[in-house]
Amino acid sequence: MRAGAGGRPGRPVVPLLRRLPRPRLTGLGGGLFACAAMVVVAGLDWLLFDGSMIAYGLLFVPVAAATALWVRPADLITAPIAVPIAFAAGVWPIAGGSGGLGGQLMGVVTALALHAGWLYAGTLLAALIAVVRKAVLIGRRRLPQRTR
């Protein structure tokens, strides 16, 4: 490891994190991003994996995390609300319903019920990221007051 200032080992993760894109999406923009991303994921899943719900769920978790990371601080509450909607929007094409609107709707409800673990995991991850980001923002606001 490379030694940083003061002889301590440097943190290689911090420069990598600083190079990541830092878009600041509004609440609506975050929801639209998540929905669009999950529809694209569903399409790719349908083409590459024949509609595998495991692949869909595995790809949902990073989309949920990205949504929670990229939404602007004023709209943090929208991230855990938008990602389950995005999961449902994306699951529609790969749900496997048959025969008309009723059959498609039943396929979506069945897919949501059978794969709720992925839905909960992504939603909890988005909520955890939003809570941690909010706590950091509150801590930064209070820090200058303590030093006076």
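Residues numbered from 1 in each chain as written. Predicted model: local features only at pLDDT ≥ 70, side-chain atom pairs only at ≥ 80, totals over all residues. Heavy atoms only, no water.

## With respect to the packing of helix H4 (residues 79-91) against helix H5 (residues 100-114)
Angle between the axes and distance between the axes are the two parameters that describe a pair of packed helices.
Right, on to step 1. The N-to-C vectors of H4 and H5 enclose an angle of 130 degrees; their axes lie 10 Å apart at closest approach. With respect to H5, the element H4 is oriented oblique. Relative to H5, H4 is oriented so that their crossing is right-handed. Of the residues in H5, those in contact with Phe87, Ala88 and Val91 of H4 are Val108, Ala111 and Leu112.
Right, on to step 2. A per-class count over the contact of H4 with H5 returns 6 nonpolar, no polar and no charged. (Axes fitted to C-alpha atoms, helices over the stretch in contact; angles between N-to-C directions. Helix = DSSP H or I, 4+ residues; strand = E, 2+ residues; numbered from the N terminus. Parallel < 35°, antiparallel > 145°, perpendicular 65-115°, else oblique. Left-handed = near helix turned anticlockwise from the far one by under 90°. Contact = heavy atoms within 4.5 Å. Nonpolar A, V, L, I, M, F, W, Y, C, P; charged D, E, K, R; others polar.)

## Some thoughts on the packing of aromatic side chains
Right, on to step 1. What the rule picks out here adds up to 3 aromatic pairs.
Right, on to step 2. Look at Phe33 and Trp70: their rings are 5.4 Å apart centre to centre, the planes differ by 55 degrees, and that puts the pair in the tilted class. Of this pair, Phe33 sits in helix H2 (residues 27-49) while Trp70 sits in helix H3 (residues 53-70); the two residues are 37 residues apart in sequence, bridging distant segments of the chain.
Right, on to step 3. An aromatic cluster is present here, built from Tyr56, Phe60 and Phe87 joined pairwise through their rings. (Phe/Tyr/Trp six-rings, centres within 6.5 Å; stacked < 30°, edge-to-face > 60°.)

## Quick notes on the nonpolar core
Right, on to step 1. Grouped together as the largest cluster of nonpolar side chains are 27 residues, with contacts concentrated most on Met38, Met53, Tyr56, Phe60, Phe87, Val91 and Ile94.
Right, on to step 2. Every element with two or more residues in this core is listed here: H2, H3, H4, H5 and helix H6 (116-146).
Right, on to step 3. Every residue in contact with Met38, bar those within four places of it in the chain, is listed here: Tyr56, Phe60, Val63, Ala86, Phe87 and Gly90. (Core = buried A, V, L, I, M, F, W, Y, C linked by side-chain atoms within 4.5 Å. Buried < 20%, exposed > 50% of the residue type's maximum accessible area, 1.4 Å probe, protein only.)

## Description of the side chain of Asp75
Right, on to step 1. Position of Asp75 relative to the elements: it lies in the loop between H3 and H4.
Right, on to step 2. A relative accessible area of 15% means that Asp75 is categorised as buried.
Right, on to step 3. Among the polar contacts made by the side chain of Asp75, one reaches the main-chain amide nitrogen of Gly27 at a distance of 2.9 Å.
Right, on to step 4. Excluding residues that lie within four positions of it along the chain, Asp75 makes contacts with Leu25, Thr26 and Gly27. (Polar contact = N/O pair within 3.5 Å; in protein donor to acceptor, adjacent residues only side chain to side chain.)

## A few points about unusual backbone geometry
Right, on to step 1. Of note in the backbone geometry, Asp50 takes a positive phi value of approximately 60 degrees without being a glycine.
Right, on to step 2. By the element assignment, Asp50 lies in the loop between H2 and H3.
Right, on to step 3. For Asp50, a relative accessible area of 67% puts it in the exposed group.

## Some points on the side chain of Thr123
Right, on to step 1. Relative to the elements of secondary structure, Thr123 occurs in helix H6.
Right, on to step 2. Discounting chain neighbours no more than four positions away, the residues touching Thr123 are Phe60, Pro80, Val83 and Pro84.

## What about the environment of Ala64?
Right, on to step 1. Locating Ala64 in the fold gives a position in helix H3.
Right, on to step 2. Put simply, Ala64 and Phe87 are 23 residues apart on the chain and 9.1 Å apart in space, counted from C-alpha to C-alpha.
Right, on to step 3. Those residues in contact with Ala64, other than ones at most four positions away along the chain, are Val83, Gly122 and Ala126.

## Some remarks on the packing of H2 against H3
Right, on to step 1. Running from amino to carboxyl end, H2 crosses H3 at an angle of 160 degrees, the nearest separation of the two axes being 10 Å. Here H3 runs roughly antiparallel to H2, going by the angle between their axes. As for the relative orientation of H2 and H3, their crossing is right-handed in sense. Two secondary-structure elements touch here, H2 through Gly30, Phe33, Ala34, Ala37, Met38, Val41, Ala42, Asp45 and Phe49 and H3 through Met53, Ala55, Tyr56, Leu59, Phe60, Val63, Ala66, Thr67 and Trp70.
Right, on to step 2. Grouping the constituent residues of the contact of H2 with H3 by class yields 15 nonpolar, 2 polar and 1 charged.

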